[in-house]
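# Structure at a glance
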Amino acid sequence: MIVLDTHALVWWVADAGKLSARAKRAIGAALREGPVTASAISLFEIATAVRRGRLVLGVSGEQWLADLSLLPELHFEPVSAGIAQLAGSFDDAAPGDPADRIIAAVARRASAARRNRRSLNFIFPARAAGPRFRSQKFPPPRRRAAIP
């Protein structure tokens with residue numbers, strides 16, 4: 001199982017070429033078992049980045065998010081009360097950004113629910129200085145086949 005961070009999600013569905021070879025292989029392996037997972041908080045992060053001009057999409061933000069939500073190889077995990085509580089309980093070693101903490105809580109909850117299966121992978125880009133979306137215009141999401 002894979003839980004994608006917001007940046008990894010955008011880079012993956014837009015085929016932006018920013019994912020590492022290792023991340024592509026991990027996503028491809030996860031896709032052979034079923035859909036990859038992202039937190040619903042990523043929809044909020046994407047909409048906010050578009051509104052603030054930090055993320056430029058090839059279509060309207062609303063259309064891009066609608067297309068994203070229709071991808072059969074992607075599952076959005078809701079931000080439940082339990083996820084919110086878990087995210088708030090992480091110590092200071094966890095990411096400070098609330099959305100990143102929620103994504104990490106989704107990954108931890110998913111990992112606990114699947115203890116008897118393959119270990120969880122959490123695709124979370126390394127910290128970078130400044131916005132990571134400005135350098136290119138992202139096309140609409142498209143259906144993705146498993147990556148070899």
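What you see is a predicted model, and the numbers here were worked out from it, not measured in a lab.

On strand 2 (residues 36-39), burial covers both faces: V36 and A38 on one face and T37 and S39 on the other are all buried. For strand 1 (residues 2-4) and strand 2, the ladder comprises two bridges, and the chain directions are parallel. Along strand 2, the bridge assignment pairs L4 with A38. Bridge count between strand 2 and strand 4 (residues 74-77): four bridges; the pairing is parallel. Counterpart to V36 in the pairing with strand 4 is L74.

Moving on, we come to the confidence of the model for the chain. Within the chain, residue pLDDT values average 81, and 77% of them lie at 70 or more. Between residues 115-121, whose pLDDT stays under 50, and residues either more than four places distant or in other chains, the model counts 15 contacts. Confidence over residues 125-131 falls short of pLDDT 50; this stretch has nine contacts with residues more than four positions distant or in other chains.

At a minimum axis separation of 10 Å, helix 3 (residues 41-51) and helix 4 (residues 61-69) run at an interaxial angle of 160 degrees. Between helix 3 and helix 4, the angle falls in the class roughly antiparallel. Between helix 3 and helix 4 lies a crossing of right-handed hand. On helix 4, the residues that touch L43, I46, A47 and V50 of helix 3 are G61, W64, L65, L68 and S69. Grouping the amino acids of the contact of helix 3 with helix 4 by side-chain chemistry returns seven nonpolar, two polar and no charged.

Helix 3 packs onto helix 1 (residues 6-13) with a crossing angle of 75 degrees between their chain directions and a minimal axis gap of 9 Å. The orientation of helix 1 with respect to helix 3, classified from their angle, is roughly perpendicular. Contacts between helix 1 and helix 3 involve T6, L9 and V10 from the former and S42, E45 and I46 from the latter. For the contact of helix 1 with helix 3, a count of residues per class yields three nonpolar, two polar and one charged.

Here we take up the environment of I27. Within the secondary structure layout, I27 lies in helix 2 (residues 21-31). Here I27 falls in the buried class, since its relative accessible area comes to 0%. Distance in space between the C-alpha atoms of I27 and V3 is 9.3 Å, their sequence separation being 24 residues.

In this section: helix 5 (residues 81-89). Of all the positions in helix 5, only I83, L86 and A87 are classed as buried. Down the axis of helix 5, the sector holding all buried residues measures 100 degrees, keeping them to one side. Among the exposed residues of helix 5, those oriented more than 90 degrees off its buried face are A81, Q85, G88 and S89.

Below, the discussion takes up the nonpolar core. One finds L9, W12, V36, L68 and L74 to be the most contacted residues of the largest nonpolar core, which totals 27 residues. Within the residue set of this core, elements represented by two or more residues are strand 1, helix 1, helix 2, strand 2, helix 3, helix 4 and strand 4. In terms of residue count, helix 1 provides more of this core than any other element does, six residues in total. Every residue in contact with L68, bar those within four places of it in the chain, is listed here: L9, V13, L43, I46, L74, F76 and P141. Residues I83, F90, I103 and V106 belong to the second largest nonpolar core, which totals 16 residues.

Now for the environment of P139. By the element assignment, P139 lies in the segment after strand 6 (137-138). Accessibility expressed as a relative area gives 34% for P139, which makes it partly exposed. Separated by 75 residues in the primary sequence, P139 and W64 place their C-alpha atoms 8.3 Å from one another.

What counts and what doesn't
Residues numbered from 1 in each chain as written. Predicted model: local features only at pLDDT ≥ 70, side-chain atom pairs only at ≥ 80, totals over all residues. Heavy atoms only, no water. Buried < 20%, exposed > 50% of the residue type's maximum accessible area, 1.4 Å probe, protein only. Helix = DSSP H or I, 4+ residues; strand = E, 2+ residues; numbered from the N terminus. Pairing = 2+ DSSP bridges. pLDDT = per-residue confidence, 0-100. Contact = heavy atoms within 4.5 Å. Axes fitted to C-alpha atoms, helices over the stretch in contact; angles between N-to-C directions. Parallel < 35°, antiparallel > 145°, perpendicular 65-115°, else oblique. Left-handed = near helix turned anticlockwise from the far one by under 90°. Nonpolar A, V, L, I, M, F, W, Y, C, P; charged D, E, K, R; others polar. Arc of directions from axis to C-beta. Core = buried A, V, L, I, M, F, W, Y, C linked by side-chain atoms within 4.5 Å.

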